[in-house]
Amino acid sequence: MENLDQLVSGHGGRIDIMAAAFPQAPLPWIDLSTGINPFAYPLPPIPDQAWIRLPTIADREACEHAMAEAFGCDPAYCRAVSGTELVIRQIPSILGGHRVAIRECSYADHRESWADWGSELVIMDNPLDAAAEVDAVVLVNPNNPDGQRWPSDRIETARSKLAARGGWLILDEAYADLDPDSSMAAKVGREGFIILRSFGKFFGLAGLRLGAVLAPPDILSELDDKLGGWNVSGPALMIGTTAYSDLAWQSGMRHKLAQAALDLSQILKDADMEEVGGTDLFRFVRVPDAVSLWIKLAEQGISVRRFAADNQHLRIGIPHSQGVDRLARALSL
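Remarks on the pairing of strand S12 (residues 310-317)
For step 1, the next point in the chain: Pairing of strand S10 (residues 282-286) with S12 involves 5 bridges; the strand directions are antiparallel. Paired with phenylalanine 284 across the bridge in S12 is arginine 315.
For step 2, the next point in the chain: Alignment of strand S11 (residues 302-307) against S12, held across 3 bridges, turns out to be antiparallel. Bridge assignment links arginine 306 to a residue of S12, and that residue is leucine 314.

Put into structure tokens, the structure is as follows:
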């Protein structure tokens, strides 16, 4: 197959492109490339009014209060947004940092956004170590794609160093819903601190396009100016309010995903694959030939995440119940 690298992007998904590249693959495709919960939150009934009128301030505030309670932070520091990817593109123009430390192996959108703004990127394995030397540090915790975690005391030390110099720590907690105790959300409001939270990954409703920014009010105000008053739809706000208020579902889902992750680990072990990281929504594995294995799975209608210029690692998401046996069979071929 020609131009395989064209199928590698900064994100998972792209099942339409995969299906076109592998037209003989059995259907339906199983998408394990995104790290999104396959056991999605059940959609609640949505009132007709949510579709036929613009969302109100009360709609937004209800969602933000539910978010803040779930995160354990003050709602004054919480802003609902239409997905954190949009915010990642805006942060450089709001903060204006000249030198920014970012982890080498991490979520690519952060690096791309700061590079597009014209910042000097300091690429390193542990960007917290550069807190005394840069204008901003971007940290994904737990990290995507390898699941590495940093303890809260080291994060707080770095934030303090940055704030003392007028700098910023941007903490992307896209997968923090899996382990709320590891979140720094309760510390938001301190100087130099911005936290991003994702809705779609843990709740399994990525198409809803919902997320949260936790930041000082002046930063939230600047963000409002850039995104406008109605950047989140009324249905998204109502679903978010319901889902974030459903603490029992969240607790039960954490247990379900933990077991599903263990089951996936066993499948990978049975296939003699070396697991080197991950979260309860994906596993990060080291293999001798990542491209060959990626092709092998694609030919069986299974998409996993591979990385440009890296032929040793793959990220494999948690399969839905119906996909477990199919993944095991594909790996055994």
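Focus on the pairing of strand S5 (residues 136-140)
A regular strand carries its side chains on alternate faces of the sheet.
For step 1, the next point in the chain: Burial within S5 is extensive, with 5 of its 5 residues counted as buried.
For step 2, the next point in the chain: Both faces of S5 are covered, namely the face carrying Ala136, Val138 and Val140 and the face carrying Val137 and Leu139.
For step 3, the next point in the chain: Pairing between strand S3 (residues 99-103) and S5: 3 bridges, direction parallel. Note on S5: the bridge partner recorded for valine 100 is alanine 136.
For step 4, the next point in the chain: Pairing of S5 with strand S6 (residues 168-172) involves 5 bridges; the strand directions are parallel. Within the sheet, the bridge partner assigned to valine 137 lies in S6 and is leucine 169.
For step 5, the next point in the chain: In this view, the connection linking S5 to its parallel neighbour S6 by way of helix H6 (residues 152-164) has right-handed handedness.

Overview of helix H4 (residues 84-95)
For step 1, the next point in the chain: The end-to-end C-alpha distance of H4 is 16 Å, a good match for the 16 Å that 12 residues give at a rise of 1.5 Å each.
For step 2, the next point in the chain: All buried positions along H4 are accounted for by Thr84, Val87, Ile88, Gln90, Ile91, Pro92, Ile94 and Leu95.
For step 3, the next point in the chain: Directly after H4, the chain includes glycine 96, whose backbone phi takes a positive value near 65°.

So, the sheet that holds strand S4 (residues 120-124)
For step 1, the next point in the chain: What the 7 strands build is an open sheet, ordered S2-S8-S7-S6-S5-S3-S4; its pairing is mixed. If you trace the sheet from one side to the other, it starts and ends with strand S2 (78-81) and S4, each paired once. Sheet twist, expressed as the mean angle between neighbouring strand axes with direction ignored, is 20°.
For step 2, the next point in the chain: Sheet strands in contact with helix H3 (residues 57-71) are S2, strand S7 (193-198) and strand S8 (211-214), and its direction is about 120° off that of S2.

What about the sheet that holds S10?
For step 1, the next point in the chain: Taken together, 5 strands build an open sheet; the order of strands is S1-S11-S12-S10-S9 and the sheet is mixed. Either end of the sheet is taken by a strand with one partner, and the two such strands are strand S1 (30-32) and strand S9 (274-279). Here the average twist between neighbouring strands, direction ignored, is 30°.
For step 2, the next point in the chain: Together, S9, S10 and S12 form the strand contacts of helix H10 (residues 247-270), whose direction differs from that of S10 by roughly 20°.

Rules used throughout
Residues numbered from 1 in each chain as written. Predicted model: local features only at pLDDT ≥ 70, side-chain atom pairs only at ≥ 80, totals over all residues. Heavy atoms only, no water. Pairing = 2+ DSSP bridges. Helix = DSSP H or I, 4+ residues; strand = E, 2+ residues; numbered from the N terminus. Buried < 20%, exposed > 50% of the residue type's maximum accessible area, 1.4 Å probe, protein only. Right-handed = clockwise from strand over helix to strand, strands pointing away. Expected span 1.5 Å × (residues − 1). Axes fitted to C-alpha atoms, helices over the stretch in contact; angles between N-to-C directions. Contact = heavy atoms within 4.5 Å.

Interpretation in functional terms is not warranted from these geometric data alone.
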